[in-house]
Amino acid sequence: MKPIIPFVVLAICLNINCEGQVNTSNATIKNTQQSNKKMTTSTNPYFNKTSKEKINISEQEWENTLSPALFEIARKKGTERAYTGKYDNFFDRGFYFCAACGNKLFKSDSKFASGCGWPSFFETYTESSVQYITDETHGMIRTEVVCGRCNAHLGHVFDDGPKPTGKRFCMNSISLVFEKK
Ligand SMILES: [Zn+2]
């Protein structure tokens, strides 16, 4: 939950700022109100845990729909700081869904303590739960993992995981929503 705190503080500051500036232009007020909106899965019209329909909407629409923290990771391919994510050291039994669209991605049975600082899984829920993109940024060749339904950036997959797959799906907690079995 730590990465969210600065945005809460920011939202409170923006709210005070907005209320104090009654005479600002309409455009400024609109942008400030969008920043203030409390974005959760319940306010996201694209979040659906049963639909398999692909989502193809503009980046602007995603920005209006997701919290700033989730938008930064899911659409701008950011990475949360190691050891700060809420699911890094978390082993309850249940399922993990895409935080942007609700697509079922992993089950807790495939989660393992990798020690790398991010929640890690050795396999996805189904083969089509995710898609793969070759990522050549930061002077490395890595395999990026994105949501199979909405293309949200989730993390990367590496070949140093445990049996039976040998894979380590290294994910951002903020890209995931957990639900107990
Ligand atoms: Zn998704």
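Look up a bit, the structure's there.
Worth saying up front: this structure is predicted, and the values here are computed from it rather than measured. Per-chain numbering applies: the sequence of each chain, read as written, is numbered from 1 onward. Local features are withheld for residues below a pLDDT of 70 in this predicted model, meaning they are given only at 70 or higher, and side-chain atom pairs are given and counted only at 80 or more; totals for whole chains, interfaces and linings count all residues.

Caption draft 1: Region of the structure containing the pairing of strand S5 (residues 130–135). Judged from the six bridges that link them, S5 and strand S6 (residues 142–147) form a sheet pairing that is antiparallel. Residue pairing across strands places Tyr132 opposite Val145, the latter belonging to S6. At least two DSSP bridges between two strands are needed for those strands to be called paired. Numbering of helices and strands runs from the N terminus, with a helix taken as a DSSP run of H or I at least four residues long and a strand as a DSSP run of E at least two residues long. What sits between S5 and S6 in their antiparallel hairpin is a turn of six residues, with His138 showing a positive phi close to 60°.

Caption draft 2: Geometry of the nonpolar core. Working definition: the nonpolar core is a set of buried Ala, Val, Leu, Ile, Met, Phe, Trp, Tyr and Cys residues, joined through C-beta atoms within 7 Å. In this scheme every C-beta is placed from the backbone, and a residue whose C-beta has 20 or more other C-beta atoms within 10 Å is buried, one with 12 or fewer is exposed, and one in between is partly exposed. Ranked by size, the top nonpolar core spans 32 residues in total, and within it Cys98, Ala100, Cys101, Cys147 and Ala152 carry the most contacts. Going through the elements one at a time, helix H4 (68–74), strand S1 (94–98), strand S2 (104–107), S6, strand S7 (153–158), strand S8 (168–171) and strand S9 (176–180) are the ones with two or more residues in this core. Contact between two residues is assigned whenever their backbone-derived C-beta positions fall within 7 Å. Discounting residues that sit within four places of it in the chain, Ala100 has contacts with Leu66, Leu70, Ala74, Cys147, Cys150 and Ala152.

Caption draft 3: Just unusual backbone geometry, in detail. Cis geometry is adopted by the peptide bond preceding Pro164, which originates at Lys163 and carries an omega value of 10°. Of note, Pro164 is situated in the loop between S7 and S8. We note that Tyr83 has phi near 65°; this positive angle belongs to a residue other than glycine. With respect to the secondary-structure elements, Tyr83 resides in the loop between H4 and S1. Phi is positive for His138, which is not a glycine, with a value near 60°. The class for His138 is exposed, based on 7 C-beta atoms found within 10 Å.

Caption draft 4: Local environment of the sheet that holds S1. The sheet built from three strands is open, its strands ordered S2-S1-S9 with antiparallel pairing. Each edge of the open sheet carries a strand with a single partner, namely S2 and S9. Strand-to-strand twist of the sheet, defined as the mean angle between neighbouring strand axes without regard to direction, takes the value 30°. Here S1 runs beside S2; their pairing, made up of three bridges, is antiparallel. In the strand pairing of S2, Phe95 is matched with Lys107. Working convention: axes come from line fits to C-alpha atoms, limited for helices to the stretch in contact. Angles between N-to-C directions cover 0 to 180 degrees.

Function-wise, these values are silent; they only describe arrangement.
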